[in-house]
Amino acid sequence: MTASGKIKIVEVGPRDGLQNEPMMVPAAIKIELIERLAQAGCKTIEATSFVAPDRIPQLADHEEVFTSIKPYPDVSYPVLVPNMRGFNNALAAGVKEISVFGAASETFSQKNINCSIGESIQRFTKVITAAKAHDMKVRGYVSCVLGCPYEGEIRPQVVADLAGQLYDLGCYEISLGDTIGVGTAKKAQKLIDIVSQKVPINYLAAHFHDTYGQALANLFAVIQLGIRIIDSAVGGLGGCPYAVGASGNVATEDVIYMLNGLGFNTGVDLQKLIKASYFINDYLNRKPTSKVALAYLRKI
Ligand code: HMG
Ligand code: MG
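Our subject in this report is the structure included herewith. (Residues numbered from 1 in each chain as written. Chains lettered and ligands numbered in written order. Predicted model: local features only at pLDDT ≥ 70, side-chain atom pairs only at ≥ 80, totals over all residues. Heavy atoms only, no water.)

## A closer look at the packing of aromatic side chains
So, step 1. Enumeration according to the criterion identifies two aromatic pairs in this entry.
So, step 2. On the basis of an interplanar angle of 35° and a centroid distance of 6.4 Å, the ring pair of Phe108 and Tyr150 is categorised as tilted. Of this pair, Phe108 sits in helix α5 (residues 106–113) while Tyr150 sits in the loop between β6 (137–143) and α7 (156–169), and the two are 42 residues apart along the sequence.
So, step 3. When the ring of Tyr167 is compared with that of Tyr203, the centres are 4.9 Å apart and the planes differ by 85°; the resulting orientation is edge-to-face. In this pair, Tyr167 is assigned in helix α7 and Tyr203 in the loop between α8 (185–195) and β8 (204–208), connecting sequence segments 36 residues apart. (Phe/Tyr/Trp six-rings, centres within 6.5 Å; stacked < 30°, edge-to-face > 60°. Helix = DSSP H or I, 4+ residues; strand = E, 2+ residues; numbered from the N terminus.)

Right, dumping it as structure tokens:
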């Protein structure tokens, strides 16, 4: 592996991290978390979701949060958008970048966004067309890429087909979500081998949850194949209400520590990031799951 150059970090803590919290986090805390992440050098911070408030009440304050974030010329704040209703709300709030989110599992698609995979593509086509007309960038997610909470095994070819459709529709990046964190390194590599036959590897992002403690190993494995975009959540927060039992995303602190050791440049200040992690975990009244953050507190 030539461990050089840049790796882009997409910080998903304020969205993926907080969407699954039993505690309602006030908008002011979310806004401060996002500001702390920007101060730590995160350049892409997924801020919230313009989804139905009764489905994800944790992010029902999306408009207040988004319109209160401090803008910086070099920081982007993408938001999740499931349909035209969400798109119009996001546009009205001044959003510049959105993410559409589909799944490689029919059952998960139904539970999560209340439509089939085929119907989701029709919805995304409308959303992406509208976004392009407003000069908005669109990212695409594929969930359940290494397993589904309802259907179990998912064939890599199904992931590749959906990722390819999102790419053809004009998504500038396709994030592959191990939503329930069941993947292992060899499977993750096989997935990237197959998906990269449909989507150039530099368009692919790894979005790995850490349920079985494999996320860092899986990231290391896919970096070896050329993946250079990683989604992670400060403090290891995260989960999806439609993937019960799955744990948080890989912690950004752990990812940065690993990438620093490998010689990659991420532009993220680890100490400031760890402080942001304690800020949100203190509010949630618990310790970060990140071993790096815990070691930092013990001054190791
Ligand atoms: P639906 O029920 O099919 O929508 O929801 P509908 O069109 O039938 O509308 C039902 C009601 O919701 C209506 O209100 C709509 O106006 C309203 P009513 O007329 O009954 O009062 N509505 C909305 N309100 C605000 N914003 C909207 C919106 N759309 C409809 N955008 C929908 C479809 C997709 C909206 C719904 O199922 C939903 O919001 N799902 C939430 C999905 C979600 O956010 N999941 C978590 C994120 S995905 C994830 O975590 C995985 C990821 O991290 C990657 C990985 O780890 O794999 C990305
Ligand atoms: Mg996720």
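## What about the coordination of the magnesium ion (ligand 2)?
So, step 1. In this structure, Asp16 (OD), His207 (NE2) and His209 (NE2) serve as the protein donors to the magnesium ion (ligand 2), at separations of 2.0 to 2.3 Å.
So, step 2. Linear spacing of the donor residues for the magnesium ion (ligand 2) on their chain is D-x190-H-x1-H. Taken as a pair, Asp16 in helix α1 (residues 13–17) and His209 in the loop between β8 and α9 (215–225) lie far apart in primary sequence, 193 residues in all. Across the pair, exposure class does not vary: Asp16 and His209 are buried alike. (Donors = N, O, S within 2.8 Å, 3.2 Å for Na, K, Ca; no water. Buried < 20%, exposed > 50% of the residue type's maximum accessible area, 1.4 Å probe, protein only.)

## Side note on the site of ligand 1
So, step 1. With respect to spatial proximity, 25 residues lie near ligand 1, and among them Gln19, Arg85, Asn114, Ser143 and Thr179 are the closest.
So, step 2. Residue Ala52 places a main-chain N or O atom 2.9 Å away from an oxygen atom belonging to ligand 1.
So, step 3. Take Ser143: an N or O atom from its side chain is 2.7 Å from an oxygen atom of ligand 1.
So, step 4. Looking at the shell around ligand 1, the elements with two or more residues in it are α1, α4 (84–93), α5 and β6.
So, step 5. Of the residues contributing to the shell around ligand 1, the split by class is eleven nonpolar, ten polar and four charged. (Near = heavy atom within 4 Å. Polar contact = N/O pair within 3.5 Å; in protein donor to acceptor, adjacent residues only side chain to side chain. Nonpolar A, V, L, I, M, F, W, Y, C, P; charged D, E, K, R; others polar.)

## Let's talk about the environment of Ala188
So, step 1. One can find Ala188 in helix α8.
So, step 2. Judged by relative accessible area, Ala188 falls into the buried class, the value being 1%.
So, step 3. When the C-alpha positions of Ala188 and Ile280 are compared, they lie 30 Å apart, and in sequence the two are 92 residues distant.

## Topic: the side chain of Arg15
So, step 1. Tracing the sequence through the fold places Arg15 in helix α1.
So, step 2. A polar contact of 3.5 Å, which involves the side chain of Arg15, links it to the side chain of Asp16.
So, step 3. Setting aside residues no more than four positions away along its own chain, Arg15 makes contact with Glu46, Ala47, Thr48, Ser49, Leu59, Leu80, Tyr141 and His207. (Contact = heavy atoms within 4.5 Å.)

## Describing the side chain of Ser116
So, step 1. If you trace the backbone, Ser116 turns up in the loop between α5 and α6 (117–133).
So, step 2. When its relative accessible area of 18% is taken as the criterion, Ser116 is described as buried.
So, step 3. Not counting residues up to four positions away in its chain, the partners in contact with Ser116 are Glu106, Ser109 and Gln110.

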